[in-house]
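Letter by letter, the chains look like this.
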Amino acid sequence: MERFTVGLTGGIGSGKSLVAKMFAERGASIVDTDQIARALTAPHGAAMPAVLAEFGADFEDRDGALDRAKMRALVFSDPGAKRRLEAILHPMIREAVFAEAQLATGPYVIFDIPLLVESGSWKSRVHRVLVVDCPETLQLQRVMARNGLSEEQVRAIMSAQASRQARLAAADDIVDNSGEIAALLPQIDRLHHFYLAFSGGRQTIDKQRL
Ligand code: ADP
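What counts, and at which threshold
Residues numbered from 1 in each chain as written. Predicted model: local features only at pLDDT ≥ 70, side-chain atom pairs only at ≥ 80, totals over all residues. Heavy atoms only, no water. Helix = DSSP H or I, 4+ residues; strand = E, 2+ residues; numbered from the N terminus. Pairing = 2+ DSSP bridges. Axes fitted to C-alpha atoms, helices over the stretch in contact; angles between N-to-C directions. Contact = heavy atoms within 4.5 Å. Domains from an automatic or database assignment. Buried area = accessible area lost by both parts, 1.4 Å probe. Salt bridge = Lys/Arg side-chain N within 4 Å of Asp/Glu carboxyl O. Polar contact = N/O pair within 3.5 Å; in protein donor to acceptor, adjacent residues only side chain to side chain.

Undergrad: Teacher, can you tell me more about unusual backbone geometry here?
TA: For residues besides glycine, phi is generally negative; the peptide bonds are generally trans as well. Here His-44, not a glycine, exhibits a phi torsion of approximately 60 degrees, which is positive. Relative to the helices and strands, His-44 is located in the loop between α2 (33–40) and α3 (48–55).

Undergrad: Would you explain the sheet that holds strand β2 (residues 29–32) in this entry?
TA: Consider a sheet: its strands pair through backbone hydrogen bonds, and that pairing is either parallel or antiparallel. Here we have five strands laid out as an open sheet, ordered β2-β3-β1-β4-β5, and parallel in their pairing. Edge strands, defined here as strands with exactly one partner in the open sheet, are β2 and β5 (173–176). The sheet shows a mean angle of 25 degrees between the axes of neighbouring strands, taken without regard to direction. Pairing geometry for strand β1 (residues 5–10) and strand β3 (residues 109–112), over four bridges, is parallel. Bridging across to β3, Gly-7 finds its partner in Phe-111. The sheet strands contacting helix α9 (residues 184–198) are β1, β4 (128–133) and β5, and the helix crosses β5 at an angle near 160 degrees.

Undergrad: Can you help me understand the domain arrangement of the chain in this one?
TA: When the parts come together, some accessible area is lost, and that loss is often what is quoted as the size of the interface. Segmentation of the chain into domains returns domain 1 (1–28 + 107–210) and domain 2 (35–105). For domain 1 versus domain 2, the separation of C-alpha centres amounts to 25 Å. Tallying the contact residues gives nine residues for domain 1 and nine residues for domain 2. Both sides together, the interface formed by domain 1 and domain 2 hides about 760 Å², and carbon and sulfur atoms give 66% of it. The largest contributions to the domain 1 side of the interface with domain 2 come from Arg-3, Trp-122 and Arg-125, which together make up 55% of the buried area. Between the two partners, domain 1 and domain 2, sit zero salt bridges. For the pair domain 1 and domain 2, the number of links is three residue pairs in polar contact (both at pLDDT 80 or more).

Now the structure itself:
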């Protein structure tokens, strides 16, 4: 049976990891797409042969992993290279994510996808898009505190991500994380029950906000 899938996203510092953990505590299966993406280009990762065939053997580091600094420099200066890299990685990431979802034991599966809005086709591949939202000033404060970064550094990361408005526009469901952590609990409980109700075999769901 096809699994009921939720794409969870949010800007850096929105509280996405915290929210994913709360769903996991309630029994949802979580698939970490960043981890899957990293594994593909880790030492002897499944994407390495294709990446090296496309970009050349000198993009492999001493351990057999992708030379990330070198690739970052290339895609920064060459948007075409970025597209070629994504053309290799994105289908492999999707395949691995759905393979992991098939093996999941929870009643439904949450895909943790930081760049869901930015990377296009995810929205049409999950049953619900769940956005963790908070004001940008809170994102700034939380990331500065968590990572010890300056305001400028956090702003630079945020400006490379989708805007708050664009993320909200892509949302089917929203978790408001502009308050205390305790204020998340009733929201997560409500969504968990909603997702449970739709994971019992129903394949369609009204594209309507709760
Ligand atoms: P993301 O995964 O979206 O980058 P995290 O879940 O790691 O964000 O949250 C960012 C930081 O802010 C973490 O240190 C987290 O503990 C903290 N945080 C998240 N939500 C709240 C909140 N409502 N109140 C206070 N701190 C929070």
